[in-house]
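Fold and geometry: a report
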Amino acid sequence: METATLTRTWTLRLPRERSLELGGRPRVMGILNLTPDSFSDGGLWLDPPRAVERGLRMLAEGAEILDLGAESTRPGGGVYGEGARTVPPEEEAGRLLPVLEALRAATGAPISVDTRKGEVARQALAAGADLINDVTALSDPLLGAAVADAGCPLVLMHSRGDLATMQRGIRFHDLLSEVLAELQASVRRALGLGIAEEQLVLDPGIGFGKTWEQNLALIRRLEDLAPLGRPLLLGASRKSFIAKASARPDAPPERRLGGSLAAVAWAASQGAAIVRVHDVAETAQFLDVWYAVARQGADA
Ligand code: HH2
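Keep in mind that what you see is a predicted model, and the values were worked out from it rather than measured. (Residues numbered from 1 in each chain as written. Predicted model: local features only at pLDDT ≥ 70, side-chain atom pairs only at ≥ 80, totals over all residues. Heavy atoms only, no water.)

1. Side note on the overall build of the protein chain
Per the secondary structure count, the protein chain includes nine helices and ten strands. Expressed as lengths along the three principal axes of its C-alpha atoms, the size of the protein chain is roughly 50 × 40 × 40 Å. Taking as baseline every contact in the protein chain between residues at least 6 positions apart, the subset at least 24 positions apart corresponds to 67%. Here the protein chain displays about 12400 Å² of accessible surface, and carbon together with sulfur accounts for 53% of that area. (Helix = DSSP H or I, 4+ residues; strand = E, 2+ residues; numbered from the N terminus. Contact = heavy atoms within 4.5 Å. Areas by Shrake-Rupley, 256 points an atom, 1.4 Å probe, with all protein chains shown as cover.)

2. Describing the packing of aromatic side chains
Taken as a whole and judged by the stated rule, the model has one aromatic pair. A ring pair is formed by W290 and Y291, whose centres lie 6.5 Å apart and whose planes are at 25°; its orientation type is stacked. (Phe/Tyr/Trp six-rings, centres within 6.5 Å; stacked < 30°, edge-to-face > 60°.)

3. Some words on the site of the ligand
Around the ligand, the structure places 18 residues, and the nearest of them are S38, S72, D203, K239 and R276. N33 places a polar side-chain atom, nitrogen or oxygen, 3.3 Å from an oxygen atom of the ligand. Here an oxygen atom of the ligand and a side-chain polar atom of S72 are 2.6 Å apart. A total of 480 Å² of accessible area belongs to the ligand in isolation, and the protein chains cover 98% of it. (Near = heavy atom within 4 Å. Polar contact = N/O pair within 3.5 Å; in protein donor to acceptor, adjacent residues only side chain to side chain.)

4. Regarding the sheet that holds strand β9 (residues 233–234)
Strands sit in the order β8-β7-β6-β5-β4-β3-β10-β9 across an open sheet of eight strands; the sheet is parallel. This sheet does not close on itself; its edge strands, each paired only once, are β8 (200–203) and β9. As paired elements, strand β6 (residues 131–134) and strand β7 (residues 154–157) share three bridges and run parallel to each other. Residue D134 lies in a different strand from β7, and its bridge partner there is L156. Strands β3 (27–33) and β4 (65–69) of the sheet are contacted by helix α1 (residues 48–60), whose axis makes an angle of about 170° with β3. (Pairing = 2+ DSSP bridges. Axes fitted to C-alpha atoms, helices over the stretch in contact; angles between N-to-C directions.)

5. Looking at helix α4 (residues 141–150)
Count 3.6 residues to each turn of an α-helix, and residues three or four apart come out pointing the same way. Looking only at α4, the buried set comprises L143, G144, A146 and V147. Down the axis, α4 shows its buried residues gathered within 160° of arc, on one side only. Among the exposed residues of α4, those pointing more than 90 degrees away from its buried face are P141, L142 and D149. Its buried side turned inward, α4 meets α3 (118–126), β6 and β7. N-capping of α4 is provided by D140, with a side-chain oxygen placed 2.9 Å from the backbone N of L142. (Buried < 20%, exposed > 50% of the residue type's maximum accessible area, 1.4 Å probe, protein only. Arc of directions from axis to C-beta.)

6. So, the environment of E197
Relative to the elements of secondary structure, E197 occurs in the loop between α5 (175–192) and β8. Under the relative-accessibility criterion, E197 is labelled partly exposed at 35%. The residues contacting E197, other than those within four sequence positions of it, are V187, L191 and R230.

7. What to know about the pattern of salt bridges
All told, the structure shown has 18 salt bridges when counted by the stated rule. Notably, a salt bridge pairs R25 with D288, separated by 2.8 Å at the nearest N-O pair. A residue pair is termed long-range when its members are at least 10 positions apart, and R25 in the loop between β2 (18–23) and β3 and D288 in helix α9 (residues 280–299) qualify at 263 residues. Of the residues examined, R25 reaches a relative accessible area of 11% and is grouped as buried. Among the ionic pairs, D279 bridges to R238, the shortest N-O distance being 2.8 Å. One end of the pair, D279, is in the loop between β10 (274–277) and α9; the other, R238, is in the loop between β9 and α7 (240–245), and 41 residues separate them in sequence. Using a relative accessible area of 13% as the deciding quantity, one classes D279 as buried. (Salt bridge = Lys/Arg side-chain N within 4 Å of Asp/Glu carboxyl O.)

What follows is the structure, encoded as structure tokens:
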């Protein structure tokens, strides 16, 4: 199989004169949800010392980036009922900052913060975050301003409509070209807010306003988004489409590792630069071997 990921490279500039090289073997982004209600690990890491320990363990297990989230973005209108509760910025920052500050003091590894609120992004960047991951792709212009001021990288994820209702009335005529065009529009929005194009990472938004078959199609054809010219991030880990596509549609999130790895395998062969996952050790080993095999093919 031709592997697009072997040939393209990107360098993201991080705060404090650091950088993150992307390309070759996809990087593992370990998920750390500091929430009571995330679909997979909600409530597990609410205690800051435990959360810090978990973050450091993920780094030891092979995570190259941590992604800290303090508000669940579980979409409503589908498998997750009403979806996640919106959290006021003070509450989100109150969950996030103690863990972020402690992790920042303990590691130089890139730390991403998953937030859609400008106020939270600004505080996170001041507390040492390296990049912002916005699942609403700049619904809050203040988030764009915070990122532009910090000069840090930004993940723009594709979604449609409001988080609370996005799993209702899903309609695409041409899935890949519409996702591509809408990501292109969010890139333009970012540029308009003064964010440098070479700091952007793009994500098709698996599970956000898509049917489970559309999620499969997006993973299958991730490479169709390569013309956007930016590194691609895929977040498929433990999501409900995995259970739906398998012989066990009732498999709970913690029993979806095999399917999550299948998505990582496909994403890697389609050129994904970053995979956002819960199961870090397994994914890191998987990618090491995947890359070793892919390199054998490339050198032959
Ligand atoms: N998915 C989730 C949250 N943030 N960010 C990006 N860039 N891409 C994703 O696919 C993505 C994301 C949802 O997963 P999770 O964080 O595990 O759950 P919750 O939103 O319930 O906290």
